[in-house]
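# Overview (structure and organization)
Each chain, letter by letter, is given below.
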Amino acid sequence: MKMVTTYEEYEAVDLFADWDAKTQPIINLINLRKWFPVSQQSVLFSRVVAQIKAVDGVKLFLNKGETLGLVGESGCGKSTTARVISKLEEPTEGSVYFKGIDVFQPMTREEELSIKRQLQMVFQDPYSSLNPRRMVLDLIKEPFDIHYPDMAYEEKESRVLEILAKVGLEDYHALRYPHEFSGGQRQRIGIARALAIHPEVILLDEPVSALDVSVQAQILNLLHDLQLDFNLTFMFIAHDLSVIKHVSDRVAVMYLGKIMEMTPTGDLFRKTAHPYSVSLLSAIPRPDPRIKMDRIILEGDVPSPINPPSGCPFHPRCYKAQEICNQKTPMLEEIEPDHYVSCHFPEI
Amino acid sequence: MKPILDVSELSTYFYTESGVVEALDGVSFDVRPGEPVGVVGESGCGKTVTGKSILRILDKNGSIVAGKIFYKGINLVDLPDLQMRKIRGKEISMIFQDPMTSLNPIFKVEDQMIEVIALHRKCKKDEAKQIAIDSLELVGIPEAEKRIIDYPHQFSGGMRQRILIARALALRPSLLIADEPTTALDVTIQAQVLEIIKEMQQRLGLAMMLITHNLGVVAEITKRVHIFYGGRVVESGATEDIFLDPKHPYTRALFDSIPSLEKDKTRLETIPGTVPRLINPPKGCRFHPRCKYATEVCSRVRPPEISFGKERRVACHHFEELDLHVDEELFVKQATVKEEV
Ligand SMILES: Nc1ncnc2c1ncn2[C@@H]1O[C@H](COP(=O)(O)OP(=O)(O)OP(=O)(O)O)[C@@H](O)[C@H]1O
Ligand SMILES: Nc1ncnc2c1ncn2[C@@H]1O[C@H](COP(=O)(O)OP(=O)(O)O)[C@@H](O)[C@H]1O
Ligand code: SF4
Ligand code: SF4
Ligand SMILES: [Mg+2]
Ligand SMILES: [Mg+2]
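We now examine the site of ligand 2. Residues and elements named next belong to chain A. Contacts to ligand 2 come from Phe-36, Ile-52, Ala-54, Ser-74, Gly-75, Cys-76, Gly-77, Lys-78, Ser-79, Thr-80 and Pro-305. Take Gly-77: an N or O atom from its main chain is 3.0 Å from an oxygen atom of ligand 2. Thr-80 has a polar side-chain atom sitting 2.5 Å from an oxygen atom of ligand 2. Put simply, the parts of the chain that give the shell around ligand 2 at least two residues each are strand S2 (46-62) and helix H2 (78-85). Element by element, the count of residues in the shell around ligand 2 is highest for H2, at 3 residues. The residue makeup of the shell around ligand 2, split by class, is 5 nonpolar, 5 polar and 1 charged.

Pasting the structure below:
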């Protein structure tokens, strides 16, 4: 085996020569399904009584260098989608392509590691996602240990300090433990960890939801700067549409395991096409006392993903539903360039 | 109009192993009859402690160390326990921040509503149950009569929040303290619950203290607002005035740091550092370590609360010189601060 000794040499290993960043998405999900079985335990055996259809036929793509916002209410399958892309879960059906390669096809360990190196994830909860018994130095060094085992300790250490500075932390923070940090600082550590080995894509699962607004602004600006510095591609998961609007180039709106609408950010607000997107936008309380809105108040709750409604999953709550909506599931279609909608009667 | 609730110079401390937490330090504000008032601020600034101080239900290690809380002219701070008990739930009731913990999972909804009603109204169980059912119907629980015997986990998050509202309103209190009543909810459910709160407030002529960090919710529901920072009130006034023209550097920075649907994708203004710890909090103005206008005096002297206009109050040494006034039309855009400052 060839000994690779410097960081740069590792980067030179490229398994994705066939992939063309200009014409192909960096991540492409095709009819992705992730169902979690619900089983009933008895003394002798356990049997599967139902399926939680957390992700149920997701189609979406991510272009190199962009930020795709993934928005939806809790439980709609955002985190699960990200976890499948990161290979933390096996899909029940469908495929995940990374630079044109189906990541769930058999591959060599080298290929596997190469994808892991280029694709990192920042987790939802800054409090539980960091191992409390490990110092920040070790937490951020870990990706180097995995991906660059031969790298000299000194080099790893200096790279950790470099990355800490990038996310706005100080050298002395390296020797502290997670519990000694505030929520915002922990989120910086999570980002540093994801960033350490210079990935191309970072999946950010609600990176600011647990933070105070003044700290949230710091992290949003930090992510913006890092994206420019490192030419990063982001998938940014959030349930706050104002945050999504602020960070995203394109937005995908998710409901009950499916993508309802995917479009450039401006169009989501100017040319909202899907009735669910319309309702979501209208539900947000605006921080301007002069705006008096005629709200669309959706009735009822989000149905359970164990027994999602037939046809269009939104039909029991939709103000536009017709007979066909509970019989035929609308497909995600491109109704105008780069504007994808799954609805039988889109608003435009 | 005379306020129904008048909190003056309230200080509440907690005694912990690592020191004294000065959770509230000379907090003054009021709520008028029938008026929805917002209490706004970031995590840990003392919003919940304020609510709990008013009802005198602080955790054991905490106590009110100074100040007065006048409710309908009576100072609650030194009211005997027995009388205080008559006020809780009947005159003033509170919806707590965490919907999961504030309904006990092992008791049926009726068990969690009827007893309090029977106690205060001195009525029979049946009568109390009817009051509970009426209240549940009022907030839009379908088939309340049947569902009152269900357990909390049999309801969705939005429904549980309605039950809490129904319970808080069952005895028709004059003042409702609602602590982040929609924070844990999804936006479409939040919209439903806000609608209920708004309707109840208007229909019952409730005075309401709405605690939240969501500026959208405040703008929608309240007429006046008190901005908290680090255990103190930094700015008070009519909601519309404060949103159009925030005066205090913290309020200003808070507004600029939220991404909004109206703003374009720009860099957000940030406030450096984090919210202060309240054990040994910063001297002088508690915001001074993070304030870009801080001068020497700010780190030494607590800024006085200066009143002006109809009902505006700002606690800052420099706000008049800063002239942070923003053009009406441009208020959602970046404010430019005068060069000479
Ligand atoms: N039992 C307690 N012991 C010690 N400190 C406490 C206790 N309860 C509250 N505090 C402290 O008092 C301060 C104010 O807390 P409070 O719960 O009022 O914040 P809040 O404004 O409601 O914040 P949030 O938005 O997170 O609910 C905080 O510094 C908090 O840590
Ligand atoms: N490991 C799991 N086992 C069973 N159900 C799960 C698991 N992970 C997620 N789910 C369920 O899948 C649905 C989608 O969850 P999630 O992707 O976490 O939603 P989101 O991130 O959009 O809030 C939810 O109903 C959730 O309870
Ligand atoms: S398909 Fe029918 S039910 Fe679904 S969103 Fe469109 S109109 Fe509404
Ligand atoms: S008193 Fe000083 S530190 Fe405090 S807000 Fe005003 S200018 Fe800033
Ligand atoms: Mg999630
Ligand atoms: Mg609180």
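Attention shifts here to the pattern of salt bridges. Residues and elements named next belong to chain B. Applying the stated criterion across every chain, the model contains 42 salt bridges over all chains. Across the salt bridge formed by Lys-146 and Glu-143, the nearest N and O atoms sit 2.8 Å from each other. This pair shows no difference in class: Lys-146 is exposed, exactly as Glu-143 is. Connected through shared salt-bridge partners, Glu-22, Asp-25, Arg-232, Arg-286 and Arg-302 make up one network.

A few words on the interface of chain A and chain B. Counting from both sides, the interface comprises 41 residues of chain A and, opposite them, 44 residues of chain B. Both faces considered, chain A and chain B share a buried interface measuring about 3,700 Å² in area, 57% of it formed by carbon and sulfur atoms. On the chain A side of the contact with chain B, His246(A), Pro289(A) and Arg290(A) bury the most area, a combined 17% of that side's loss. Our count for the contact surface shared by chain A and chain B stands at 2 salt bridges. Glu220(B) is the partner of Arg295(A) in a salt bridge, and the nearest nitrogen-oxygen pair spans 2.6 Å. Taken together, the links from chain A to chain B amount to 15 residue pairs in polar contact (both at pLDDT 80 or more). Where the side of chain A that touches chain B is concerned, the elements lending two or more residues are helix H7 (213-230), helix H8 (241-247) and helix H10 (275-283) of chain A. Considering every element that reaches the side of chain A that touches chain B, the biggest residue donor is H7(A), with 10 residues. Class assignment for the residues of the side of chain A that touches chain B results in 17 nonpolar, 12 polar and 12 charged.

Criteria and thresholds
Position labels on residues start from 1 in each chain and follow its written sequence. Both sets of labels track the order of writing: A upward for chains, 1 upward for ligands. Thresholds applied to this predicted model are a pLDDT of at least 70 for local features of residues and 80 or more for the giving and counting of side-chain atom pairs; totals over whole chains, interfaces and linings are not thresholded and use all residues. Derived side-chain values reflect all non-hydrogen atoms in the structure, with water molecules and hydrogen atoms excluded from consideration. Near residues are defined by distance, with any heavy atom within 4 Å of the molecule or strand qualifying the residue. Polar contacts, as counted here, are pairs of nitrogen or oxygen atoms within 3.5 Å of one another; within protein the pair requires one atom able to donate a hydrogen and one able to accept it, and residues that are adjacent in sequence qualify only if both atoms are side-chain atoms. Counting from the N terminus, the helices are DSSP H or I runs at least four residues long and the strands are E runs at least two residues long. Here the nonpolar group is Ala, Val, Leu, Ile, Met, Phe, Trp, Tyr, Cys and Pro; Asp, Glu, Lys and Arg are the charged ones; every other residue, Gly included, is treated as polar. Definition used for salt bridges: Asp or Glu carboxyl oxygen within 4 Å of a side-chain nitrogen of Lys or Arg. Three labels apply to residues, based on accessible area from a 1.4 Å probe with only protein chains included: buried if under 20% of the type maximum, exposed if over 50%, partly exposed otherwise in between. Contact definition: two residues touch when any of their heavy atoms are within 4.5 Å. By convention, the term buried area covers the 1.4 Å-probe accessible surface removed from two parts as they join, with the contributions of both added.

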